[in-house]
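Coordinate analysis (summary)
So you can see what is in the structure, the chains are spelled out below.
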There are 2 protein chains.
Amino acid sequence: MELDDRKKKILLAIIKTYLETGEPVGSRTISKIEGLELSSATIRNEMADLVDMGYILQPHTSAGRIPSDKGYRFYVDQLMEEKEQQIEERERETDEMKGMLIEKADKMERLLKQVARSLSVNTNYAAMISAPQYHMNRLKFIQLSRMEEKRIVAVIVVEGNMIKNQIIDIDEPIDDETLLKLNMLLNTTLNGMAIEDINLSIITKMKQQAGDQAGIIAEVIDAVAESIKADEDLEIYTSGANNIFKYPELADNEKASEIITAFEEKKQLTNLVYETLSHSDEKGIQVYIGEESPVENMKDCSVVTATYELDEGIHGTIGIIGPKRMDYDKVLSTMKKLTTELDTMFKKN
Amino acid sequence: MELDDRKKKILLAIIKTYLETGEPVGSRTISKIEGLELSSATIRNEMADLVDMGYILQPHTSAGRIPSDKGYRFYVDQLMEEKEQQIEERERETDEMKGMLIEKADKMERLLKQVARSLSVNTNYAAMISAPQYHMNRLKFIQLSRMEEKRIVAVIVVEGNMIKNQIIDIDEPIDDETLLKLNMLLNTTLNGMAIEDINLSIITKMKQQAGDQAGIIAEVIDAVAESIKADEDLEIYTSGANNIFKYPELADNEKASEIITAFEEKKQLTNLVYETLSHSDEKGIQVYIGEESPVENMKDCSVVTATYELDEGIHGTIGIIGPKRMDYDKVLSTMKKLTTELDTMFKKN
DNA sequence: TGTTAGCACTCTAATGGGTCGAGTGCTAAC
DNA sequence: GTTAGCACTCGACCCATTAGAGTGCTAACA
């Protein structure tokens, strides 16, 4: 069977009505509301077809219909196409929502928290944001300083001005000259290098150049290298998890517990971020409906994600988690505006 | 009316039974279980008295009784006294729960997360832990390095080896000599000082000593001072918030939402930490029952907190949030063990 | 051949009565 | 002061009934 024009119209009408009311919609409702001017009986026949084709579901025999995942998918794809075509309109809207953001964020962390908060407050869904991923990025600056006699602090700055610290305990004191030499060596060798490209052979080469294979210098170099390579946990900030209680279909104990767990053990969200980043070239915004979700605990939700760009090659992810009958229209707009705003904001800094 | 010995016994029996079953307990239950050997009728009379005195509640006329906040308070106080007296016994137990903790934590952050997790998993309640407060603490080391021509990175180490970073943009280049001088000045002036004691007059004095009231040096000194004084958000890690869904009395939408919100907007937990720290000299562990809770959103829970000591004057807080009918006995033991273990662990490092 | 009116049918949600059982409060006797 | 005994209360559960929304099917219509 084919999804002809009339079926499409009816399907969209069903979904829109359901998004508004949250209740199964019957044939009479559609027959009245539409510009289609068809009787409820006709609608019923078409609806039966749509059920067969898997776009809508019948909770039980004598109830109305609700959209299936496939139905939502159809709706969202439709919506995305429309969005594409009204870019000029967006310009205007961007101004309207300026107030939505972000007073003055001195620190990245605070900014991210604010963004998450603003997202959840504006949409009434749960929101998350990941700190930008600088993993693929280049070293910019390394500095070792002696803090105490047998203790060095290493400061490592990465492109994008993110800073790592590491305190290194050494077995015997190190003199100023050696420290200076070591600083020079580290900087000349490593600056400008991608973290990924730092490997054992480079480290060995450094040790050789330092002329000391076994002593303190090797020790320090190893510690620095380890600290550089150390996989930082991907920082993720969340906001508005409590919003899920506003939607009865998510608010029962079991589902709520699953979602809350996912939010708390950021690990699952981390997967979501990686998944999003790996697809980020395709399109700005991605929508995962129900079973499509890459996060096991969110199979009953819809998840909308987008990437923002802090700087060449430094990406982060924002996401919204809500019920499947989410106001996709609003969420997509909000996401699009927000990412654009973030992008321009970062370009300025 | 007075709480005589028999009433106490009955009250305790009621509370213990309720803690086990979670259901209102009737007079017959008590009359059977007890070593008191009283008939249910007698128990009933005593129970009526206990209701009058506010230690227990009657959900409705023909139901059993449940403890009131006042009742729980009585029970917990009782329990705390007992705990005091069995310190020697604890030695043995400490071994048993070694496995509970903590493999090898390279970073403070990871350690704290592990502790929180271990707490929530072991107790089946929600858990939180605050990073140690180093606010009242002393500066140990300051280092300015030039990163780019007009950009300096400041590294500030505080007692307890906690590190702050600050990138400072300056208007014009700074030469090596000045930077060195500045480093010396900052370290000689500020090292060993409590952060609290750094005030405007000290900063002004530094500027005078540097011999430059308006130029780059003043600029840098100001930036460093600001960074030192900047109030870091108190870091709080949580775990097992989803545990609240295991307790029906907390799992309805409204209450769950409140608790989850408190966990997510760490602000309320911050209050809890401050409250606990301000009382920490009284006693190791504190129990807040229902209305006693300093956190508005947790009026339906019980909250158990304790402080740990990382180093002289550096304290943190751990907390457990659960239903009022919490297994106080177990929670108190776990807390006590954990704080001791944390204390010794930090002493070692 | 597609559309529609009509009607029997299905299923849920809501309502109300009836029963059961746990537990109380009170009284009278020990 | 303690206890046995008993009437009473109240929620939990079960069941039958009803109302209403919505369907699916058939037969008639354009």
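Here we summarise the structure given alongside this text. (Residues numbered from 1 in each chain as written. Chains lettered and ligands numbered in written order. Predicted model: local features only at pLDDT ≥ 70, side-chain atom pairs only at ≥ 80, totals over all residues. Heavy atoms only, no water.)

Re the interface of chain B and chain A
Taken together, the contact pairs 37 residues of chain B with 38 residues of chain A. Of the roughly 3000 Å² buried where chain B meets chain A, counting both sides, 50% is carbon and sulfur surface. The tally of links between chain B and chain A comes to four salt bridges. For the salt bridge of A:Arg117 with B:Glu265, the shortest nitrogen-to-oxygen distance reads 3.5 Å. Inspection of the chain B/chain A interface yields 15 residue pairs in polar contact (both at pLDDT 80 or more). Looking at the side of chain B that touches chain A, the elements with two or more residues in it are α6 (108-123), β4 (139-148), β5 (151-158), β6 (162-169), β7 (236-239) and α11 (253-264) of chain B. Class assignment for the residues of the side of chain B that touches chain A results in 13 nonpolar, eleven polar and 13 charged. (Contact = heavy atoms within 4.5 Å. Buried area = accessible area lost by both parts, 1.4 Å probe. Salt bridge = Lys/Arg side-chain N within 4 Å of Asp/Glu carboxyl O. Polar contact = N/O pair within 3.5 Å; in protein donor to acceptor, adjacent residues only side chain to side chain. Helix = DSSP H or I, 4+ residues; strand = E, 2+ residues; numbered from the N terminus. Nonpolar A, V, L, I, M, F, W, Y, C, P; charged D, E, K, R; others polar.)

Overview of the protein's contact with DNA strand C
In the neighbourhood of DNA strand C, 20 residues make up the surrounding shell, with A:Arg6, A:Thr42, A:Ser62, B:Ser27 and B:Arg44 lying closest. Among atoms of DNA strand C positioned within 4 Å of the protein, sugar and phosphate together represent 68%. Here a phosphate oxygen of DNA strand C and a side-chain polar atom of A:Thr42 are 2.5 Å apart. One of the side-chain nitrogen or oxygen atoms of B:Gln58 is found 3.4 Å away from a sugar or linking oxygen of DNA strand C. For the surface near DNA strand C, the secondary-structure elements that each account for two or more residues are α3 (40-53) of chain A together with α3 (40-53) of chain B. If you tally residues by element for the surface near DNA strand C, the top one is α3(A), at four residues. Residue composition of the surface near DNA strand C, grouped by class: four nonpolar, twelve polar and four charged. (Near = heavy atom within 4 Å.)

Regarding the side chain of A:Lys299
All names here are of chain A. Along the chain, Lys299 falls in the loop between β8 (285-289) and β9 (301-311). There is no salt bridge for the buried Lys299, and the closest opposite charge comes from Glu296, which lies 4.3 Å off by N-O distance. There is a polar contact of 3.4 Å between the side chain of Lys299 and the backbone oxygen of Glu291. Other than its neighbours up to four places away in sequence, Lys299 contacts Gly290, Glu291, Ser293 and Lys324. (Buried < 20%, exposed > 50% of the residue type's maximum accessible area, 1.4 Å probe, protein only. Lys, Arg positive; Asp, Glu negative; His and termini not counted.)

As for the relation of the copies chain B and chain A
Once chain B has been moved 0.1 Å along the axis and rotated by 180°, it coincides with chain A to within an RMSD of 0.2 Å. A rotation of that kind, with that shift, is consistent with a two-fold axis. A shared binding surface is used by both copies, with 100% of the interface residues of chain B retained as interface residues in chain A. (Least-squares fit on C-alpha atoms with pLDDT ≥ 70 in both.)

Details of the protein's contact with DNA strand D
Surveying the vicinity of DNA strand D reveals 20 residues, the closest of which are A:Ser27, A:Arg44, B:Arg6, B:Thr42 and B:Ser62. Here a base oxygen of DNA strand D sits 3.1 Å away from a polar atom, N or O, in the side chain of B:Arg44. Sorting the residues of the surface near DNA strand D by element identifies α3 of chain A together with α3 of chain B as the ones contributing at least two each. Among the residues making up the surface near DNA strand D, the classes are represented as four nonpolar, twelve polar and four charged.

What to know about empty space enclosed by the protein
All names here are of chain B. For the structure on display, the rule yields one cavity of 30 Å³ or more. As for the largest cavity, its lining consists of Leu186, Leu190, Ile198, Ile203, Met206, Ile221, Val224, Ala225 and Ile228. Elements with a contribution of two residues or more to the lining of the largest cavity: α7 (176-190), α8 (200-210) and α9 (216-229). Looking at the lining of the largest cavity, the element that brings in the most residues is α9, giving four residues. Looking at the lining of the largest cavity residue by residue, the class counts come to nine nonpolar, no polar and no charged. (1 Å grid on protein atoms, 1.4 Å probe; cavity = no way out; pocket = protein on both sides within 12 Å on 5 of 7 lines; lining within 4 Å. Points joined across faces, edges and corners; volume = space filled by probe spheres on them.)

Let's talk about the sheet that holds strand β10 (residues 314-323) of chain A
Residue and element names in this part refer to chain A. Spatially, five strands are ordered β7-β3-β10-β9-β8 in an open sheet, and the strand pairing comes out antiparallel. Edge positions in the sheet fall to β7 (236-239) and β8, since each of these pairs with one other strand and no more. Strand-to-strand twist of the sheet, defined as the mean angle between neighbouring strand axes without regard to direction, takes the value 15°. Sheet contacts for helix α11 (residues 267-278): β3 (126-130), β7, β8, β9 and β10; angle to β9, the most-contacted strand, approximately 65°. (Pairing = 2+ DSSP bridges. Axes fitted to C-alpha atoms, helices over the stretch in contact; angles between N-to-C directions.)

What about the pattern of salt bridges?
Close approach of charged atoms allows side chains with opposite charge to pair. All told, the structure shown has 28 salt bridges over all chains when counted by the stated rule. Linking B:Lys113 and B:Glu109 is a salt bridge whose minimum nitrogen-to-oxygen distance equals 3.1 Å. With B:Lys113 and B:Glu109 both in helix α6, this residue pair falls four residues apart, about one helical turn. The exposure class assigned to B:Lys113 is partly exposed, which follows from its relative accessible area of 34%. Overall, the relative accessible area of 32% leaves B:Glu109 in the partly exposed class. Several salt bridges converge on common partners, so that one network encompasses A:Arg6, A:Lys7, A:Glu46 and A:Asp49.

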